[in-house]
2 protein chains.
Amino acid sequence: MCELLGMSANVPTDICFSFTGFLHRGGGTGPHRDGWGIAFYEAGGYRDFRDPHPSVRSPIARLISDYPIKSHIVISHIRQANVGGVRLANTHPFTREMWGRTWCYAHNGQLEGWQTLPLVDYQPVGDTDSEHAFCWLLATLREHFPRAPADVTDEVPKEQYLPLWQLLHGLCEQLRSQGVFNLLLADGEFLYTYCSTKLAHTTRRAPFGKAELSDAELTINFAEHTTPDDVVSVIATEPLTHNEAWTRMEPGELLVWRHGHIQARFVSGSSPMAG
Amino acid sequence: MCELLGMSANVPTDICFSFTGFLHRGGGTGPHRDGWGIAFYEAGGYRDFRDPHPSVRSPIARLISDYPIKSHIVISHIRQANVGGVRLANTHPFTREMWGRTWCYAHNGQLEGWQTLPLVDYQPVGDTDSEHAFCWLLATLREHFPRAPADVTDEVPKEQYLPLWQLLHGLCEQLRSQGVFNLLLADGEFLYTYCSTKLAHTTRRAPFGKAELSDAELTINFAEHTTPDDVVSVIATEPLTHNEAWTRMEPGELLVWRHGHIQARFVSGSSPMAG
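Residues numbered from 1 in each chain as written. Chains lettered and ligands numbered in written order. Predicted model: local features only at pLDDT ≥ 70, side-chain atom pairs only at ≥ 80, totals over all residues. Heavy atoms only, no water.

An unreviewed UniProt entry lists chain A under the name Class II glutamine amidotransferase, with Candidatus Halomonas stercoripullorum given as the organism.

See below:
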């Protein structure tokens, strides 16, 4: 299985601490030697760094650990290849543009019968089940929502986004029925996290304390790096720290994040619940 | 004016030497302080590194100078902002997927009346004339060629690609009529270079000699880094070296590169010439 790491924050925040623990799983404490990637949304822009080599030995991964890129949303992925060879074109996260926003996608799991998911607007560059499913998912959203439901300002127009989120939840449920589909997805406004088997989250906010990584010998005192209004949520396949409260998501659960807060929650077979 | 750098090679080649001279133009020997980016095509995959800060002080640029990424096609850009603020979303190169290939685009110049170029399949993420023109250009190609004209193997199917290249040349000519439009464009198979005012190229092949950078004190003996069959072409706004033969392109000239060789050449108001 691959490993996923996501972040949603209300102020531009660097992920150096969490990423340091996470990247040790790429051939260090974990078996995920088949590439890694990390994507940052910064002030309306997007960039990602991807490498088809193990993250523990990657000079680019070391740069990212040391160079604080401040971001509202981060998505990262360490790969253990199942479908598709170990090469750059198969390295997550994948991106496509829709509505003038850069969409970013990382998947953990494996799907059956993904080859028959129809492709319309987007075509895979590589040959993974993950990218194929992404192209299908995004084109299906686009078919129903040729434009963004609304601009997002300080106030989230939830009423207008609810039909989109419900559709996204339904599509995730369909993919879960075809195998294992743990998902991180973002468009620069929202971070979507969907759990098929394994995903956990924690929210850091005042009063900030110390956190201790599970995968590397590193402790951080967030009180030294934050202001009292900061809200930073971290989502990962497995909890990254010993001494913080992590909530495990349930199978079929979709969370919509913005600025570190849960905006909406959808669970299997039920109607949405406000966050 | 921005600065462009491109490479087309018949073997995976690193651009460290040329990039070292080039990045000194980003706030060092040149005035281009408003961000930079570089894109690599590697074994069917694509990745780019972009930074909205001056390249001479960028830790990511230093990494790229030191870390040899081997590639068939490279596109790089140093920005001096005219249209659009200095931010990540306005930092070249821009990318979109078409035909299951990642298209990469970098532009030097400034356009008039670009706001009225119609947008269909692709929407800009930032607010530059460059990205708007890219979205228009790619959608227009896609309208006429919903699929790639042919697969590209060792043998380039020139007959099948000729109509595409002619259309591309026509679109470049239209954009040149709206201002200054020096272009580097690639899809992983071909590198396209179009000259509006300034673009020069040189081809390195056996017998390899020494080259000396114009912008930094660095000399390389390519004979120590190459095999006799290597063919590496470098394209830049201004020649990067003192002691190599550079050919300046003429206004309205489009060159199609593959594996370091010119596949086709189109000049203003004339029919195409085989390379």
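Next comes the rest of the description.
Residues and elements named next belong to chain A. Turning to its location among the elements, Thr91 is positioned in the loop between β4 (71–78) and β5 (94–98). Reaching out from Thr91, the side chain makes a polar contact with the backbone oxygen of Arg87 at a distance of 2.9 Å. Ignoring sequence-local partners within four residues, the contact set of Thr91 consists of Gly35, Trp36, Arg50, Asp51 and Pro52. (Helix = DSSP H or I, 4+ residues; strand = E, 2+ residues; numbered from the N terminus. Polar contact = N/O pair within 3.5 Å; in protein donor to acceptor, adjacent residues only side chain to side chain. Contact = heavy atoms within 4.5 Å.)

Glancing now at the interface of chain B and chain A. Many descriptions give the size of an interface as the accessible area lost when the pieces come together. In this assembly, 32 residues from chain B lie in contact with 32 residues from chain A. Counting each side, the surface lost to burial between chain B and chain A is near 2,400 Å², with a carbon and sulfur contribution of 55%. Interface area lost by chain B to chain A is led by Arg47(B), Leu88(B) and Glu97(B), which between them contribute 22%. One can count four salt bridges joining chain B with chain A. One can count twelve residue pairs in polar contact (both at pLDDT 80 or more) joining chain B with chain A. Taken together, the elements giving at least two residues each to the side of chain B that touches chain A come down to β3 (45–51), α2 (59–66), β5 (94–98) and β6 (101–108) of chain B. In terms of residue count, the dominant contributor to the side of chain B that touches chain A is β3(B) (seven residues). (Buried area = accessible area lost by both parts, 1.4 Å probe. Salt bridge = Lys/Arg side-chain N within 4 Å of Asp/Glu carboxyl O.)

The relation between the two chain copies is a rotation about an axis coupled with a shift along that axis. Structural alignment of chain B on chain A gives an RMSD of 0.0 Å, achieved by rotating through 180° and translating 0.0 Å along the axis. The superposition of one copy onto the other is thereby described by a two-fold rotation axis. The fraction of interface residues of chain B whose copies in chain A are also interface residues reaches 100%, indicating that both copies meet through the same surface. (Least-squares fit on C-alpha atoms with pLDDT ≥ 70 in both.)

Residue and element names in this part refer to chain A. If you trace the seven strands from one edge of the open sheet to the other, you get β3-β2-β4-β1-β12-β9-β13, paired in antiparallel fashion. Looking at which strands have only one partner, the edges of the open sheet turn out to be β3 (45–51) and β13 (247–248). Inspection of the sheet shows strand β1 (residues 3–13) paired to strand β12 (residues 231–236) by five bridges, in the antiparallel sense. Residue Ala9 lies in a different strand from β12, and its bridge partner there is Val232. (Pairing = 2+ DSSP bridges.)

Moving on, we come to the packing of helix α1 (residues 16–23) of chain A against helix α2 (residues 59–66) of chain A. Residues and elements named next belong to chain A. Interaxial distance between α1 and α2 falls to 8 Å at its minimum, and their mutual angle equals 150°. As far as their axial angle goes, α2 and α1 are roughly antiparallel. Residues Cys16, Phe19, Thr20 and Leu23 of α1 form the contact with α2, whose own contacting residues are Ala61, Ile64 and Ser65. Each residue belonging to the contact of α1 with α2 can be placed in one class, and the counts come to five nonpolar, two polar and no charged. (Axes fitted to C-alpha atoms, helices over the stretch in contact; angles between N-to-C directions. Parallel < 35°, antiparallel > 145°, perpendicular 65-115°, else oblique. Nonpolar A, V, L, I, M, F, W, Y, C, P; charged D, E, K, R; others polar.)

Bringing the packing of aromatic side chains into the picture now. By the definition in use, this model includes 27 aromatic pairs over all chains. When the centroid spacing of 5.9 Å and the interplanar angle of 50° are considered together, the rings of Phe19(B) and Trp36(B) count as tilted. Within this pair, whereas Phe19(B) is found in helix α1 (residues 16–23), its partner Trp36(B) is found in strand β2 (residues 36–42), the two being separated by 17 residues in sequence. Here Phe19(B) matches Trp36(B) in class, with each residue buried. Aromatic side chains Phe190(B) and Tyr192(B) sit 6.1 Å apart centroid to centroid with 45° between the ring planes, which places their arrangement in the tilted category. Taking relative accessible area as the criterion, Phe190(B) reaches 0% and is therefore assigned buried. Three or more aromatic residues joined by ring pairs form one cluster here, namely Phe40(A), Phe49(A), Phe40(B) and Phe49(B). (Phe/Tyr/Trp six-rings, centres within 6.5 Å; stacked < 30°, edge-to-face > 60°. Buried < 20%, exposed > 50% of the residue type's maximum accessible area, 1.4 Å probe, protein only.)

Glancing now at the environment of Leu137(B). Residue and element names in this part refer to chain B. Structurally, Leu137 can be placed in helix α3 (residues 129–144). It is 9.1 Å that separates the C-alpha atoms of Leu137 and Leu117, two residues lying 20 residues apart in sequence. Not counting residues up to four positions away in its chain, the partners in contact with Leu137 are Leu168, Leu171, Leu175 and Leu185.

To continue, consider the nonpolar core. Of all hydrophobic cores here, the largest spans 50 residues; its most connected members are Phe19(A), Phe49(A), Phe19(B) and Phe49(B). Leaving out residues up to four positions away in the same chain, Phe49(B) has contacts with Phe49(A), Ile60(A), Trp36(B), Gly37(B), Ile38(B), Phe40(B), Ile60(B), Ile64(B) and Ile69(B). (Core = buried A, V, L, I, M, F, W, Y, C linked by side-chain atoms within 4.5 Å.)

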